[in-house]
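# Coordinate inspection notes
Below, each chain spelled out in residue letters.
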Amino acid sequence: MSKNHEVTDEQLSELKAKHGERKVLRLSTTTPDGVIEVAVMKPGRKEYERFRKQLGDDAKRDGALENLLRAHVLAPERAKFDELLEEYPALPEEFGKPLLSAIGLSGSAEVGKS
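First, a word on what this report is: a plain description of the structure on this page. Model, not experiment: these values are computed from the prediction.

Another aspect to go through is the packing of helix α2 (residues 45–55) against helix α3 (residues 64–72). Each packed pair of helices is defined by two parameters, the angle between the axes and the distance between the axes. The N-to-C vectors of α2 and α3 enclose an angle of 160 degrees; their axes lie 9 Å apart at closest approach. One way to sum up the angle between α2 and α3 is to call them roughly antiparallel. Crossing of α2 against α3: the hand is right-handed. The residues of α3 that touch α2, namely those facing Glu47, Phe51, Gln54 and Leu55, are Ala64, Leu65, Asn67, Leu68 and His72. A class-by-class count of the residues in the contact of α2 with α3 yields five nonpolar, three polar and one charged.

In structure tokens form, the structure reads like this:
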């Protein structure tokens, strides 16, 4: 299996040093062609609010997850990420779930018993 894109440990360490240890994530998925990894910065409250507003706008809903991911990708660089999206247009949905889970939307919340 070939690597389509890899975020090295060195790249990840540099990004964490620059942006903060807890703010940078490495997301990975496997395609029929190999493994794709991206480094992203966790969205903050304002970015998440913008995402939610786009979800509520019929004209912007389809691109909301791609916009959120695109705004937070640190590696690869923008041109390479665009190439990956051309070849694998479902990447925003694939990486969106773990990205949203990292900021608290895991779908595992339950009503507690009193």
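Additional details are given in the paragraphs that follow.
Let's shift gears to the nonpolar core. Counting 18 residues, the largest nonpolar core has Val40, Leu69, Leu91 and Phe95 as its most contacted members. Those residues within four positions of Phe95 in sequence are excluded, and the remaining contacts are Leu27, Ser28, Thr29, Ile36, Val38 and Leu69. One finds Val7, Leu15, Val24 and Ala39 within the second-largest nonpolar core, a separate group that totals six residues.

This brings us to α3. When α3 is considered as a whole, its buried residues turn out to be Ala64, Leu65, Leu68, Leu69 and His72. Viewed end-on, α3 has its buried residues packed into an arc of 130 degrees, placing them on one side of the element.

With that out of the way, let us pick up the environment of Gly96. Topologically, Gly96 is positioned in helix α5 (residues 91–102). Excluding its chain neighbours within four sequence positions, the residues that come into contact with Gly96 are Leu65 and Leu91.

A word on the packing of α3 against helix α4 (residues 78–87). For the pair α3 and α4, the least separation of the axes is 11 Å and the interaxial angle reads 150 degrees. Here α3 is positioned roughly antiparallel relative to α4, judged by the angle of their axes. The chirality of how α3 crosses α4 is right-handed. Seen from α3, the contacting residues are Glu66, Leu69 and Arg70; seen from α4, they are Arg78, Phe81, Asp82 and Leu85. By residue class, the composition of the contact of α3 with α4 is three nonpolar, no polar and four charged.

Here the focus is the packing of aromatic side chains. Throughout the structure, instances matching the rule amount to one aromatic pair. Summarising the aromatic geometry, the rings of Tyr48 and Phe51 are spaced 5.9 Å apart at their centres and angled 35 degrees between planes, so their arrangement reads as tilted. Separated by three residues within a single helix, Tyr48 and Phe51 lie in helix α2, roughly one turn from each other. Given the relative accessible area of 23%, Tyr48 is considered partly exposed.

Rules used in this analysis
- Residues numbered from 1 in each chain as written.
- Predicted model: local features only at pLDDT ≥ 70, side-chain atom pairs only at ≥ 80, totals over all residues.
- Heavy atoms only, no water.
- Axes fitted to C-alpha atoms, helices over the stretch in contact; angles between N-to-C directions.
- Helix = DSSP H or I, 4+ residues; strand = E, 2+ residues; numbered from the N terminus.
- Parallel < 35°, antiparallel > 145°, perpendicular 65-115°, else oblique.
- Left-handed = near helix turned anticlockwise from the far one by under 90°.
- Contact = heavy atoms within 4.5 Å.
- Nonpolar A, V, L, I, M, F, W, Y, C, P; charged D, E, K, R; others polar.
- Core = buried A, V, L, I, M, F, W, Y, C linked by side-chain atoms within 4.5 Å.
- Buried < 20%, exposed > 50% of the residue type's maximum accessible area, 1.4 Å probe, protein only.
- Arc of directions from axis to C-beta.
- Phe/Tyr/Trp six-rings, centres within 6.5 Å; stacked < 30°, edge-to-face > 60°.

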